[in-house]
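Residue-level listing of the chains:
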Amino acid sequence: MPIVPDVPAHGGDQDDDRGAARLSGPLFRDEAPRPMPSPPMPPYEAGGPYGADDRSYGTHQQPYGAPQPPYGTVQPSGTPYGGALPPDGSQPPHGAQSQNPEPMPDAARPAPAPQKKSAGRDLGAAIGVGVGLGAVIVASLFIVKAVFVGVIAVAVVVGLWELTSRLDERKGIKAPLVPLAVGGAAMVVAGYVRGAGGAWVAMALTALAVLVWRMTEPPEGYLKDVTAGVFAAFYVPFLATFVAMMLTAEDGAQRVLTFLLLTVVSDTGAYAVGWRFGTHKLAPRISPGKTREGLVGAVTFAMVAGALCMQFLIDDGTWWQGLLLGLAVAASATLGDLGESMIKRDLGIKDMGTLLPGHGGIMDRLDSLLPTAPVVWLLLVGFVGAG
């Protein structure tokens, strides 16, 4: 919008309507514009005598055709005609356009182009790796149970390596890997051979080995290192031991398969429903991608799958037990996922590793499985016995 209104042509229709405005302005219609002296102005300063709007002039212009004050009159904004001076203190020429026009109203702004939702990972690689892992697990589960125990032990050792490596890289915490790996594998085997009692004994010995092993290093950081080591021993191998204990029942393969299916179905339901309908964040400070709608999807999918599994896979199981089992799995799997997300937020990383394309590391796949294992083991023992 021009600072000084344009003068209409002589004889135009506007003459009568705007006569007062023309006579009260600095120029008459038939006169040629004459340069006017500019009053001395102090140098430009941010927040100085020209007011808060010094950085852009022309933001407080008079309405078109309204009487204009004499040139050089200082308006409330601190500059002639209500505008502000440019940084060099020079006067804008007559009829010059403002360098910073009024902002465009929101209604006139073009709507942003809608963005497609993205899974954030290579779905092709993720599906391929998932199918491959599933085939190995199912084959070892139903052919030789001892082989499946070996698969659990290998996953535990790799998970411990990923966790201790990230702790060292990001926080300088040196949890001793050797006693953790040896004790973790022994813990899984002890749980399979001796049950819960054997698992607890192996856990205690692993914690003691961590305390002793760390004594070979300087004392600085001893407390945080052994604390992280005991936490890692409980978080990864001890929780995984409950999967091996499920396997000891007569229908152990079906119990482990039920545990795996319900956890995977819960994660899938949360992802599918959350990706399609999710709008309300579940825990934005921990995991911004999780939504309440996704949690509803996880519960629904897991309860349906639980009813089917308990009815057709578990000896003496009933569908209503499966509903409760599915609800518990959805809750524990979600909490486990949030728990590992909290750890990764603290470490400042996205994934625990890169071993599995499209998935991250082993720990990124065990996050919901580990806390779910003791929940499923306990409920199955309560519903149908230890077997």
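Residues numbered from 1 in each chain as written. Predicted model: local features only at pLDDT ≥ 70, side-chain atom pairs only at ≥ 80, totals over all residues. Heavy atoms only, no water.

Engineer: Help me out: how do you make sense of the overall build of the protein chain in this one?
Structural biologist: Within the protein chain, the secondary structure is distributed over ten helices and two strands. Buried positions account for 41% of the 387 residues belonging to the protein chain. In the protein chain, once contacts between residues fewer than 6 apart in sequence are set aside, the share between residues at least 24 apart is 68%. For the protein chain, the accessible area works out to roughly 20,900 Å², and carbon and sulfur atoms hold 66% of it. (Helix = DSSP H or I, 4+ residues; strand = E, 2+ residues; numbered from the N terminus. Buried < 20%, exposed > 50% of the residue type's maximum accessible area, 1.4 Å probe, protein only. Contact = heavy atoms within 4.5 Å. Areas by Shrake-Rupley, 256 points an atom, 1.4 Å probe, with all protein chains shown as cover.)

Engineer: I would appreciate a short explanation of the environment of Gly 360 in the present structure.
Structural biologist: In this fold, Gly 360 is placed in the loop between α8 (319-347) and α9 (362-366). Along the sequence, Gly 360 and Lys 350 sit ten residues apart, while their C-alpha atoms lie 8.6 Å from each other.

Engineer: How do you make sense of a nonpolar patch on the surface when you look at a structure like this?
Structural biologist: On the surface, a cluster of nonpolar side chains totalling about 440 Å² of accessible area is made up of Val 201, Leu 205, Leu 208, Leu 211 and Val 212. With respect to the secondary-structure elements, Leu 208 resides in helix α4 (residues 177-214). (Patch = residues over 30% accessible without salt bridge, like charges linked within 9 Å, V, L, I, M, F, W, Y side chains within 5 Å. Salt bridge = Lys/Arg side-chain N within 4 Å of Asp/Glu carboxyl O.)

Engineer: Is there a simple way to think about the environment of Val 299 in this case?
Structural biologist: Tracing the backbone shows Val 299 in helix α7 (residues 292-312). Between the C-alpha atoms of Val 299 and Ala 331, which are 32 residues apart in sequence, the distance is 7.6 Å.

Engineer: I keep staring at the packing of aromatic side chains and nothing clicks. Help me out?
Structural biologist: The relative placement of two aromatic rings is captured by the distance of their centres and the angle of their planes. In the structure shown here, the tally under the stated rule is six aromatic pairs. Ring geometry for Trp 200 against Phe 238: centres 4.5 Å apart, planes inclined by 50°, an arrangement best described as tilted. One end of the pair, Trp 200, is in helix α4; the other, Phe 238, is in helix α5 (residues 222-246), with 38 residues separating them in the sequence. Judged by relative accessible area, which is 53%, Trp 200 ranks as exposed. What links up through ring pairs into an aromatic cluster is the set Trp 200, Phe 234, Phe 238, Phe 242 and Trp 377. Above the ring of Phe 277, the side-chain terminus of Arg 276 is found at 5.1 Å from the ring centroid. (Phe/Tyr/Trp six-rings, centres within 6.5 Å; stacked < 30°, edge-to-face > 60°. Lys NZ or Arg CZ within 6 Å of the ring centre and 35° of its normal.)

Engineer: Any chance you could explain helix α10 (residues 369-384) here in plain terms?
Structural biologist: Because the α-helix completes a turn every 3.6 residues, residues three or four places apart line up on one side. Here α10 is 16 residues long and its end C-alpha atoms lie 21 Å apart, about the 22 Å a rise of 1.5 Å per residue gives. Against α5, α6 (252-277), α7, α8 and α9 lie the buried residues of α10. Two residues or fewer past α10, Gly 385 is found with a positive phi of approximately 90°. (Expected span 1.5 Å × (residues − 1).)

Engineer: It is not clear to me how the side chain of Ser 140 should be interpreted in this structure. Could you clarify?
Structural biologist: Summarising the element assignment, Ser 140 is placed in helix α2 (residues 123-143). Judged by relative accessible area, which is 7%, Ser 140 ranks as buried. Of note is the side chain of Ser 140, whose polar atom sits 3.0 Å from the backbone oxygen of Ile 137. Other than its neighbours up to four places away in sequence, Ser 140 contacts Lys 145, Val 147, Phe 148 and Val 151. (Polar contact = N/O pair within 3.5 Å; in protein donor to acceptor, adjacent residues only side chain to side chain.)

Engineer: Is there a simple way to explain the pairing of strand β2 (residues 287-291) in this structure?
Structural biologist: As a general feature of sheets, a regular strand has side chains that alternate between the two faces. Bridge analysis of strand β1 (residues 281-283) against β2 gives two bridges, and the strand direction is antiparallel. Residue pairing in the sheet places Ala 283 in a bridge with Ser 287 of β2. Between β1 and β2, which pair antiparallel and follow one another directly, the connecting turn spans three residues. (Pairing = 2+ DSSP bridges.)

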